[in-house]
Amino acid sequence: MSEKSIEEIYEIYGEMLYKISLVMLKNTHDAEDVVQNVMIKYMTKRTAFNSSEHEKAWLIRVCLNCCKDTLRFLKRSSHENIDDIKTTYPRESETAQVLVGLMNLPNRYRKVLILYYYEGYKCNEIGNILRITESAVKKRLERGRKLLKQELKED
């Protein structure tokens, strides 16, 4: 597989990484920082990938790990309130409502829903990315859908 430039990687995966980070962190600035950190890790690590799917999975895994690190940091320090962030999204669109609903879900459900519905991964692939069993993925999808449905009814 030919090696891609950082610009090509950002062009291909930047938006996906940003969306994942935004939903995980609920803050545009933190999401941008995570994407930047993922790109830096990509440049410095220069891992040999078997395929573009392997590369994409690696980037998602690094992105999720960076999000976890950021969440850990934010938990120990002051951070922006979720209610302040919700006002920045146009509430009238259905997509915005779903995004806000996803933001309110616990991380474990949010991750699988993003990877399944937004990124199009299959359950076994999500299991590999998140390092959990396929049945755990299916259960989290089920529970996540249920919680999201309740969240959307409340709005």
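Quick note: structure is the one above.
Given the structure is predicted, the values throughout are model-derived calculations rather than measurements.

Things to note about the overall build of the protein
Next, step 1: Tallying secondary structure elements over the protein gives eight helices and zero strands in all.
Next, step 2: Of the regular secondary structure in the protein, the N- to C-terminal order runs α-α-α-α-α-α-α-α.
Next, step 3: Within the protein, counting contacts between residues at least 6 apart in sequence, those at least 24 apart form 64% of the total.
Next, step 4: In the form shown here, the protein has an accessible surface area of approximately 9,300 Å², with 48% of it arising from carbon and sulfur atoms.

Topic: unusual backbone geometry
Next, step 1: Its identity as a non-glycine residue notwithstanding, Lys26 has a phi of 60°, on the positive side.
Next, step 2: Note that Lys26 resides in the loop between α1 (6-25) and α2 (28-45).

As for α2
Next, step 1: The terminal C-alpha atoms of α2 lie 25 Å apart, and with 18 residues this matches the ideal 26 Å at 1.5 Å per residue to within 8%.
Next, step 2: Regarding α2, the residues found buried are Asp30, Ala31, Val34, Val35, Val38, Met39 and Tyr42.
Next, step 3: Looking at the buried positions of α2, the neighbouring elements they touch are α1 and α3 (52-76).
Next, step 4: Its side-chain oxygen at 2.8 Å from the backbone nitrogen of His29, Asn27 defines the N-terminal cap of α2.
Next, step 5: A positive phi of about 45° marks Arg46, the residue just after α2.

Considering the side chain of Ser21
Next, step 1: Looking at the secondary structure, you find Ser21 in helix α1.
Next, step 2: Here Leu17 takes part through its backbone oxygen, which lies 2.8 Å from a polar atom of the side chain of Ser21.
Next, step 3: Beyond its immediate stretch of four places on either side in the chain, Ser21 contacts Lys26, Ala31, Val34, Val35, Cys63 and Cys67.

Quick look at the pattern of salt bridges
Between side chains of opposite charge, pairing is possible as soon as their charged atoms come close.
Next, step 1: According to the stated counting rule, one finds five salt bridges in the structure shown.
Next, step 2: A salt bridge links Lys138 to Glu134; the shortest N-O distance between them is 3.5 Å. Separated by four residues within a single helix, Lys138 and Glu134 lie in helix α8 (residues 134-154), roughly one turn from each other.
Next, step 3: On the accessibility criterion, Lys138 (45% relative accessible area) is partly exposed.
Next, step 4: For Lys139, the salt bridge goes to Glu142, with nearest N and O atoms at 3.6 Å. Of this pair, Lys139 and Glu142 both sit in helix α8, three residues apart, which is roughly one turn of that helix.

Parameters and conventions
Residues numbered from 1 in each chain as written. Predicted model: local features only at pLDDT ≥ 70, side-chain atom pairs only at ≥ 80, totals over all residues. Heavy atoms only, no water. Helix = DSSP H or I, 4+ residues; strand = E, 2+ residues; numbered from the N terminus. Contact = heavy atoms within 4.5 Å. Areas by Shrake-Rupley, 256 points an atom, 1.4 Å probe, with all protein chains shown as cover. Expected span 1.5 Å × (residues − 1). Buried < 20%, exposed > 50% of the residue type's maximum accessible area, 1.4 Å probe, protein only. Polar contact = N/O pair within 3.5 Å; in protein donor to acceptor, adjacent residues only side chain to side chain. Salt bridge = Lys/Arg side-chain N within 4 Å of Asp/Glu carboxyl O.

Limitation: the analysis is restricted to geometry and does not speak to function.
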